[in-house]
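# Structure at a glance
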Amino acid sequence: MMKAIIVDDEKHVREAIKLLVPWDEFHIEEILEAQDGQEAIETILEERPQIIFTDMMMPLVGGMELLEWLQTNYPSGKTIVISGFDDFQLVRHTVQHGGVDYILKPIDAEQLHAAVTKAVDCWNREETERQGQTQRNIEMNQIRPVYWDKLLSNLINEPTGYEAAASALAKEFGIGPHIQECQLAIVNMHTLSGKLKEKFRTDQDLLFFSITNICNEFLREPRQGVAYRYWNSDNEIILLLFGPALPGYKLVASIQEGIEATLRSRMDIGISSILPFPAGLPEAYGQARTALRRRNLLTAGKEVHIYQEKPPANPLLLSFSDYAEPIRLAVRSGSPEQIHRSVLLWFEAVNKLESITQEQLELWWNEYRLQRSRWLLEWFGDQANELNAMTEPSSFMIPFEESGTLSIPLWQQQMDADLTGLSQLMLKHQHQDNNVIFEIAKYIQNHYHQDITLQEIANHFYLSREYISRKFKQEFKVNLSDYLSSIRAEKAKLLLLNPHLRIAQVAEMVGYDDEKYFSKVFKKIVGFSPNEYRKVNQP
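So, here is what we can say about the structure in this document. (Residues numbered from 1 in each chain as written. Predicted model: local features only at pLDDT ≥ 70, side-chain atom pairs only at ≥ 80, totals over all residues. Heavy atoms only, no water.)

## Focus on unusual backbone geometry
To keep it simple, the criterion reads: For the purposes of this entry, the term helix denotes a DSSP run of H or I that reaches at least four residues, the term strand denotes a run of E that reaches at least two, and both are numbered from the N terminus.
Cis geometry is adopted by the peptide bond preceding P247, which originates at L246 and carries an omega value of -5°. Note that the residue after F277, namely P278, is joined by a cis bond; omega there is 0°. Mapping P278 onto the fold places it in the loop between β10 (275-276) and α10 (281-293). A positive phi angle, near 55°, is found at R48, a position not held by glycine. Mapped onto the elements of the fold, R48 is located in the loop between α2 (37-47) and β3 (51-54).

Listed below in structure tokens is the structure:
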């Protein structure tokens, strides 16, 4: 909705303008009035009209002063001067201070219409541009933090990129040439409370934004560092510390308390030693990450974990491989109860530990994956890689309790479920394997008289030659070529009872092009040559 204001100390002039302008045509729905410049200023500040009609000679504040005020305080409004004075200085003043047109009294309707058209068109163009600029500013404000996050994230992998961005980083964050040393801390999002994760479940970006803002409140004044989302990980916020407060353990601890006070949840934070900037950024990130990976996941309290070169000693080392054989046999049995009992043996040992770190979990996970792959290779041969890709979890997600500690019962449930699923898959594929092997045997029985090769069977059933050979031998206790030869020999026995068929004809009818080779194979299987068998079995 557009508004207009008519400023003139003469009421009849105001009425004339109201009558002469076709307001609907210009989509102007509200017409305001003022008797002088002072009243106009007050109304304009309150109502923000788009189009302003003004006289030049008025009491208190005249048109010249109003034009000057408008240019400074409300330049978006479009002003049309309607004056009884044909004075060059007044016209010049109008142009200098942004007036759209200067119309003389008595008012000519066509001139007024043209002036209003010009003013409205000008305002619409500028408003479109303003809206476009506003949208561009919104988009830029949304993109800008992402730009800085990605630039700072890239410095961890490629610290040499600092030189190209040095001036921009100095201006934006105070990371100038005087910064020679730094520390890097990692805020681990996985260690948030389950309640807070659920609250932000549908908007993870807002959670990252909130925590990053809290961190930057502590780092911004005085400039002691910058917090940003690390784009090379799904669950980390980086604190790059470079201010005079290094080492920054106390500062990071304050940030941790600030997060808890605002979001009612503590988080584990790993912090590196002091290293050169920017060359030491990759090492600093590795140290902070290692500090987190070495934290005791059985401890409920969230802490700031300082990197130490030597890992803490673990008095009781466990290897999953030592418990793998009973689990393998249980999976092979197909019994969920057996699987549960075998897995329980492993977790009884795990529950005796006083400390479990992420490093230990990753070691056990890799052992588990290796054993799993071996079992699949043993059970499925050349199909193992395909089945492993279909069934293996992509990565080990640490199961946390609401308090943020490692949930061993949930971990046990996950392993039970995975191994039970693997067992069911094994039984299903064994059944399918048996079916396809019997289909191959039936195919041989129906096509024995053709030139059947192992490669032709493999192509027909979309299986590898090696797989068919191995599975066929397992099921029938004889290799495929001997199985084919025995079927051909049995068919040849029947045909040889017909005295009108020559040996060469019988050989061809059961799939042999070479009569001598047929006779050799037949004798090996039956114990007689074809001629001898015919003579012995003549009616």
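## Topic: the pairing of strand β8 (residues 236-241)
Note the following rule: Think of it in three bands: residues with accessible area under 20% of the maximum for their type are buried, residues over 50% are exposed, and the middle band is partly exposed, with areas taken using a 1.4 Å probe on protein chains only. Strands are treated as partners if at least two bridges between them are detected by DSSP.
Among the six residues that make up β8, six are buried, leaving the element largely enclosed by the rest of the structure. Covered by surrounding structure in β8 are E236, I238 and L240 together with I237, L239 and L241, the residues of both alternating faces. Judged from the six bridges that link them, strand β6 (residues 181-188) and β8 form a sheet pairing that is antiparallel. By the bridge assignment for β8, V187 is matched with I237. Pairing of strand β7 (residues 225-229) with β8, which is carried by five bridges, proceeds in the antiparallel orientation. If you follow G225 over to β8, its bridge partner there is L241.

## Points about the side chain of Q287
Just so we agree on the cut-off: N or O atoms closer than or at 3.5 Å make up a polar contact, with two conditions inside protein: a donor-capable atom paired with an acceptor-capable one, and, for residues adjacent in sequence, both atoms drawn from side chains. Contacts are residue-level and defined by heavy atoms, with any inter-residue pair within 4.5 Å sufficient.
With respect to the element layout, Q287 can be found in helix α10. The exposure class assigned to Q287 is buried, which follows from its relative accessible area of 7%. One polar contact links Q287 to S273, side chain to side chain, over a distance of 2.7 Å. Among all residues touching Q287, those that are not within four sequence positions of it are S272, S273, L275 and Y307.

## Regarding the nonpolar core
For clarity, the cut-off: Buried residues of nine kinds, namely Ala, Val, Leu, Ile, Met, Phe, Trp, Tyr and Cys, make up a nonpolar core once their side-chain atoms join them within 4.5 Å.
Ranked by internal contacts, the top residues of the largest apolar core, which has 32 residues, are W346, M415 and L419. For this core, the secondary structure elements donating two or more residues are α11 (324-333), α12 (336-350), α13 (358-380) and α15 (408-447). For this core, the leading source of residues is α13, giving eight residues. If we ignore the near neighbours within four places in the chain, the residues touching L419 are I327, V331, I339, V343, Y368 and W375. In this structure, Y443, L484, I503 and V506 belong to the second largest nonpolar core, which totals 31 residues.

## Examining the sheet that holds strand β1 (residues 2-7)
Put simply, the test is: Lines fitted to C-alpha atoms define the axes, with helix axes restricted to the stretch in contact, and inter-axis angles between N-to-C directions lie between 0 and 180 degrees.
What the five strands build is an open sheet, ordered β2-β1-β3-β4-β5; its pairing is parallel. Strands with a single pairing partner mark the edges of an open sheet, and in this sheet they are β2 (28-34) and β5 (99-104). Ignoring strand direction, the axes of neighbouring strands in this sheet form an average angle of 15°. As paired strands, β3 and strand β4 (residues 78-83) are joined by four bridges and run parallel to one another. Paired with T54 across the strands is V81, a residue of β4.

## A look at the pairing of β3
For a regular strand, side-chain orientation follows a simple rule: the groups alternate between the two sheet faces. Definition in use: A clockwise path from the first strand over the helix to the second, with the strands pointing away from the viewer, defines a right-handed crossover.
Burial of the side chains of β3 extends over both faces: I51 and F53 are buried on one face and I52 and T54 on the other. As defined by bridge partners, β1 adjoins β3 across four bridges and the pair is classed as parallel. Along β3, the bridge assignment pairs I6 with F53. This β-α-β element, β3 to helix α3 (residues 63-73) to β4, shows right-handed connectivity.

## Here we look at helix α8 (residues 204-220)
Helical geometry: 3.6 residues make up each α-helical turn, so side chains three or four residues apart lie on a common side. Keep this limit in mind: Expected span of a helix, by definition, is 1.5 Å for each gap between consecutive residues, and there is one gap fewer than residues.
A rise of 1.5 Å per residue sets the reference length of α8, with its 17 residues, at 24 Å; its end C-alpha atoms lie 24 Å apart and thus fit the reference within 8%. Inspection of α8 places L207, F208, S210, I211, T212, I214, C215, N216 and L219 among the buried residues, and these make up the whole buried set. Lining the buried residues of α8 we find α7 (194-199), β7, β8 and α9 (249-263).

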